[in-house]
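A look at the structure
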Amino acid sequence: MPWSWRLQKGDGETVTVPGMSEETFATQSDAESWLGLHWRELRDEGVEQVVLVEDGRVVYPMSLLDPE
């Protein structure tokens with residue numbers, strides 16, 4: 001089953017990051033490792049939250065914003 005991230009604003013609107021193609025991963029671990037490498041860049045490009053998806057099923061959401 002393919003794993004991927006939905007990149008979103010805080011209201012759930014999809015965000016497209018120039019130069020970063022939509023990635024798919026073979027495992028959850030691969031997807032999480034990729035996010036660990038790119039989360040700051042995504043946040044800097046306006047991504048406020050991400051949603052991990054496995055074959056269309058939402059696994060979990062996660063904020064990229066600093067807690068207040």
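These remarks concern the structure in this document. None of these values were measured; they are calculated from a predicted model.

About the thresholds
Residues numbered from 1 in each chain as written. Predicted model: local features only at pLDDT ≥ 70, side-chain atom pairs only at ≥ 80, totals over all residues. Heavy atoms only, no water. Salt bridge = Lys/Arg side-chain N within 4 Å of Asp/Glu carboxyl O. Helix = DSSP H or I, 4+ residues; strand = E, 2+ residues; numbered from the N terminus. Buried < 20%, exposed > 50% of the residue type's maximum accessible area, 1.4 Å probe, protein only.

Tallying each qualifying case throughout the model produces two salt bridges. As a salt-bridge pair, Asp-66 and Arg-43 come within 3.7 Å of each other at their nearest N and O atoms. Taken together, the residues span a long stretch of sequence, with Asp-66 in the segment after strand S4 (57-63) and Arg-43 in helix H1 (residues 28-44) at a distance of 23 residues. Owing to a relative accessible area of 27%, Arg-43 belongs among the partly exposed residues under this scheme. Across the pair Glu-54 and Arg-57 runs a salt bridge, and its minimum N-O distance is 2.6 Å. Looking at Glu-54, the relative accessible area reads 17%, which means it is buried. Residue classification places Arg-57 among the partly exposed positions, given a relative accessible area of 46%.

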